[in-house]
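Residue-level structure breakdown
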Amino acid sequence: MIENRTLGSKIFDVINVIIMIICALLCIVPVWYVICVSLSSKEAVNAGLVSFWPVGFNLFSYQKILGESDFFRSFWVSIQRVLLGTGVSMFCILLAAYPLSKTSKQFPKRSIFMWILVFCMLFNGGTVPWYITMKGYGLVDSIWGLVLGMGLNVYNLILAVNFFKNLPAELEEAALVDGAGPWKCLTSIFIPLAKPVIATIALFTIVQYWNEFFQGMVLSTNQSNYPLQTYIQQLVVTYDFSTMNVEQIAQVQKLNNQSLDAAKIVVAMIPVLVVYPFLQKYFVSGITLGSVKG
């Protein structure tokens with residue numbers, strides 16, 4: 001098919017390309033700058049000499065983070081938290097989204113439950129009541145406290161509900177005629193067709209569990225129970241020269257908190273960047289179809 005491109009359409013395409021390049025740079029440049037800071041020397045960072053390329057290239061900040069056994073312990077805690085939390089969240093969201101996607105005639109109490117969920121999304125009891133509840137259930141210094149403390153993300157639930165609403169009702173009707181029950185419809189029809197929204201919600205949940213650090217500080221009294229984000233958040237450059245030899249003192253003096261913070265960010269975002277490409281192909285369709293109000 002041959003298109004007769006006008007001058008106006010060509011100018012429009014060029015402007016769109018320029019805008020997209022600018023948007024891409026706005027996303028990439030800050031990340032690249034943080035990487036450069038994490039790889040630069042203490043003197044260059046303090047003097048503000050780092051711009052778009054590392055100055056005084058070194059790996060001291062990464063050696064500080066990765067060179068301690070507590071890092072790998074906290075990394076394992078975060079892995080457990082993400083796997084368990086994502087599994088529990090997806091299980092609860094799918095079980096709740098299926099009945100809530102029905103009409104008020106099919107599920108008369110639907111509106112009541114939706115209003116309760118939306119209210120809980122907008123308002124909460126505060127940190128102190130939340131902590132008292134978690135402590136009352138014995139979830140302090142427990143991996144399940146870090147998992148269940150996040151609760152049910154209502155926004156993700158609404159995405160799943162709207163996605164289920166957009167699926168053809170005839171599929172479920174045909175299954176019901178053939179003798180299938182609600183469980184069979186959910187597991188054999190809705191979940192297989194909901195791969196885009198499941199991947200999207202899973203990505204949101206993984207990022208949420210991976211990046212959260214405050215609950216680790218509140219619910220973990222022992223540093224060995226810290227998730228990775230809590231561990232690197234409280235990791236700072238400290239100087240106790242009385243317990244160091246000459247070589248250790250020389251190494252520590254090459255560090256500063258700014259480059260260490262930049263290295264923390266880089267280390268923390270690598271796992272998410274590794275996971276994202278595998279879920280990206282579902283992301284656009286999942287977020288688009290799940291956001292359409294039925």
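Summary of the structure given here. (Residues numbered from 1 in each chain as written. Predicted model: local features only at pLDDT ≥ 70, side-chain atom pairs only at ≥ 80, totals over all residues. Heavy atoms only, no water.)

Looking only at helices and strands, the protein chain features 15 helices and 0 strands. Counting all 294 residues of the protein chain, 34% fall into the buried class. For the protein chain, long-range pairs separated by at least 24 residues make up 71% of all intrachain contacts whose partners lie at least 6 apart in sequence. With the model as given, the accessible surface of the protein chain reaches about 17500 Å², and the carbon-plus-sulfur share is 69%. (Helix = DSSP H or I, 4+ residues; strand = E, 2+ residues; numbered from the N terminus. Buried < 20%, exposed > 50% of the residue type's maximum accessible area, 1.4 Å probe, protein only. Contact = heavy atoms within 4.5 Å. Areas by Shrake-Rupley, 256 points an atom, 1.4 Å probe, with all protein chains shown as cover.)

Let us look at the pattern of salt bridges. Oppositely charged side chains are able to pair whenever their charged atoms sit close together. Counted under the stated rule, the structure contains 4 salt bridges. Arg73 serves as the salt-bridge partner of Asp70, at 2.4 Å between the closest nitrogen and oxygen. Here Asp70 and its partner Arg73 are both found in helix 4 (residues 69-100), 3 residues apart, which amounts to about one turn of the helix. When its relative accessible area of 25% is taken as the criterion, Asp70 is described as partly exposed. Ionic pairing is found between Lys102 and Glu172, a salt bridge with its closest N-O pair at 2.5 Å. Of this pair, Lys102 sits in the loop between helix 4 and helix 5 (110-122) while Glu172 sits in helix 9 (residues 169-177), and the two are 70 residues apart along the sequence. The buried category is assigned to Lys102, whose relative accessible area is 12%. (Salt bridge = Lys/Arg side-chain N within 4 Å of Asp/Glu carboxyl O.)

Before going further, it helps to spend a moment on the packing of helix 9 against helix 10 (residues 182-193). Close contact between helix 9 and helix 10 brings their axes to 10 Å; oriented N to C, the two are set at 160 degrees. When the axis of helix 9 is compared with that of helix 10, the two are roughly antiparallel. Read as a crossing pair, helix 9 and helix 10 show a hand that is right-handed. Packed against helix 9, whose contacting residues are Leu171, Glu172, Ala175 and Leu176, the element helix 10 presents Cys185, Ile189, Phe190 and Leu193 at the interface. (Axes fitted to C-alpha atoms, helices over the stretch in contact; angles between N-to-C directions. Parallel < 35°, antiparallel > 145°, perpendicular 65-115°, else oblique. Left-handed = near helix turned anticlockwise from the far one by under 90°.)

A turn of α-helix holds 3.6 residues, and therefore any two residues three or four places apart point the same way. Relative to the 16 Å expected for 12 residues at 1.5 Å per residue, helix 8 (residues 154-165) spans 16 Å between its end C-alpha atoms, a close match to the ideal helical length. Of all the 12 residues making up helix 8, 9 are buried; the element is thus mostly covered by neighbouring parts of the structure. Burial in helix 8 covers these residues: Val154, Asn156, Leu157, Leu159, Ala160, Val161, Asn162, Phe163 and Phe164. For helix 8, the capping residue at the N-terminal end is Asn153, with a side-chain oxygen 3.0 Å from the backbone nitrogen of Tyr155. (Expected span 1.5 Å × (residues − 1). Polar contact = N/O pair within 3.5 Å; in protein donor to acceptor, adjacent residues only side chain to side chain.)

Okay, the packing of aromatic side chains next. Evaluation of the coordinates by the stated rule reveals 9 aromatic pairs. The interplanar angle of 40 degrees and the centroid separation of 5.0 Å between the aromatic rings of Phe119 and Phe123 together place this pair among those described as tilted. Of the residues examined, Phe119 reaches a relative accessible area of 51% and is grouped as exposed. Here Tyr155 and Phe204 contribute two aromatic rings whose centre-to-centre distance is 6.5 Å and whose plane-to-plane angle is 35 degrees, an arrangement assigned as tilted. In this pair, Tyr155 is assigned in helix 8 and Phe204 in helix 11 (residues 195-211), connecting sequence segments 49 residues apart. An aromatic cluster is built from Phe71, Phe72, Phe75 and Trp210, whose rings are joined through pairwise contacts. (Phe/Tyr/Trp six-rings, centres within 6.5 Å; stacked < 30°, edge-to-face > 60°.)

Positionally, Ser101 belongs in the loop between helix 4 and helix 5. On the basis of relative accessibility, which here comes to 12%, the residue Ser101 falls in the buried class. At a separation of 2.7 Å, a polar atom in the side chain of Ser101 contacts the main-chain carbonyl oxygen of Tyr98. Beyond its immediate sequence surroundings of up to four residues, Ser101 is in contact with Val161, Phe164 and Lys165.

Shape is all these values report; function is a separate question.
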